[in-house]
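Spelled out from the first residue to the last, the chains are:
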Amino acid sequence: VQLQASGGGVVQAGGSLRLSCAASGSIESISVMAWYRRESGKQREWVSSIHPDGVADYAESVKGRFTISRDLAKNAAFLEMTNLKPADTAVYFCYVRARSARSPFDDYWGQGTLVTVSS
């Protein structure tokens, strides 16, 4: 299973960005899809998750500003980020827990996409 994340960039505070994550490979089933981020010099932190039934969870720091969604048919996840703040500056990683033709459920990570919010 491979994950391709995209959509990062530079935006001014108050602006918006939409991140995309596409999963490919011999995927048989995907359970949770999520986004994490890592600020420079800090540990990676969880941002948001979406479950197969569509239930979404958010970190307190992004609740009300970020919206996660998924396209089951395309094995894709999205993160709509609005009212961005400089504190949101980080590398954002896509995460998927999936079952493939070669292995039972396992964890997969994308390569990361950089989001920079200027003040």
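All figures in this text were calculated on a predicted structure; none of them were measured in a lab. (Residues numbered from 1 in each chain as written. Predicted model: local features only at pLDDT ≥ 70, side-chain atom pairs only at ≥ 80, totals over all residues. Heavy atoms only, no water.)

Chemist: Help me out: how do you make sense of the packing of aromatic side chains in this one?
Modeler: Two numbers describe a pair of aromatic rings. These are the distance of the centres and the angle of the planes. Throughout the structure, instances matching the rule amount to 3 aromatic pairs. A centroid spacing of 4.9 Å and a plane angle of 65° characterise the contact between Y36 and W109, whose relative ring orientation is edge-to-face. You can see Y36 sitting in strand β4 (residues 27-38) and its partner W109 sitting in strand β10 (residues 106-109), a full 73 residues away along the chain. For W109, a relative accessible area of 34% gives the class partly exposed. If you follow R44 out to its NZ or CZ, it ends over the ring of W109, 3.8 Å from the centre. (Phe/Tyr/Trp six-rings, centres within 6.5 Å; stacked < 30°, edge-to-face > 60°. Helix = DSSP H or I, 4+ residues; strand = E, 2+ residues; numbered from the N terminus. Buried < 20%, exposed > 50% of the residue type's maximum accessible area, 1.4 Å probe, protein only. Lys NZ or Arg CZ within 6 Å of the ring centre and 35° of its normal.)

Chemist: What's the story with unusual backbone geometry in this structure? I'm lost.
Modeler: Note: most peptide bonds trans; most residues except glycine with negative phi. The phi dihedral of N75 falls on the positive side, at around 50°, and the residue is not glycine. Inspection of the secondary structure puts N75 in the loop between β7 (66-71) and β8 (76-81). Accessibility expressed as a relative area gives 23% for N75, which makes it partly exposed. Non-glycine residue N83 carries a positive phi angle of around 45°. Along the polypeptide, N83 turns up in the loop between β8 and β9 (90-100).

Chemist: Any chance you could explain the pairing of β4 here in plain terms?
Modeler: Regular strands place their side chains on alternate faces of the sheet. In terms of strand pairing, β4 meets β9 through 9 bridges, oriented antiparallel. Each bridged residue has a counterpart across the sheet, and for R38 the counterpart in β9 is V91. Following β4, the chain reverses through 6 residues before pairing antiparallel with strand β5 (residues 45-50); G41 in that reversal takes a positive phi of roughly 80°. (Pairing = 2+ DSSP bridges.)

Chemist: Just to check I follow, could you spell out the environment of T82 for this structure?
Modeler: Tracing the backbone through its elements, the reader meets T82 in the loop between β8 and β9. By relative accessible area, which is 29% here, T82 ends up partly exposed. A C-alpha to C-alpha distance of 6.7 Å links T82 and L17, two positions 65 residues apart in sequence. Residues contacting T82, with those up to four places away along its chain left out, are G15, S16, R65 and F66. Among the polar contacts made by the side chain of T82, one reaches the main-chain carbonyl oxygen of R65 at a distance of 2.7 Å. (Contact = heavy atoms within 4.5 Å. Polar contact = N/O pair within 3.5 Å; in protein donor to acceptor, adjacent residues only side chain to side chain.)

Chemist: Could you clarify how one ought to interpret the pattern of salt bridges in this entry?
Modeler: Charged atoms that come close allow side chains of opposite charge to pair. For the coordinates displayed, the defined rule picks out 8 salt bridges. In this structure, the salt-bridge partner of R99 is E28, at a minimum N-O distance of 3.2 Å. Taken as a pair, R99 in strand β9 and E28 in strand β4 lie far apart in primary sequence, 71 residues in all. For R97, the salt bridge is made with D107, and the minimal N-O distance between the two is 2.7 Å. Within this pair, whereas R97 is found in strand β9, its partner D107 is found in strand β10, the two being separated by 10 residues in sequence. For R97, a relative accessible area of 30% translates into the label partly exposed. (Salt bridge = Lys/Arg side-chain N within 4 Å of Asp/Glu carboxyl O.)

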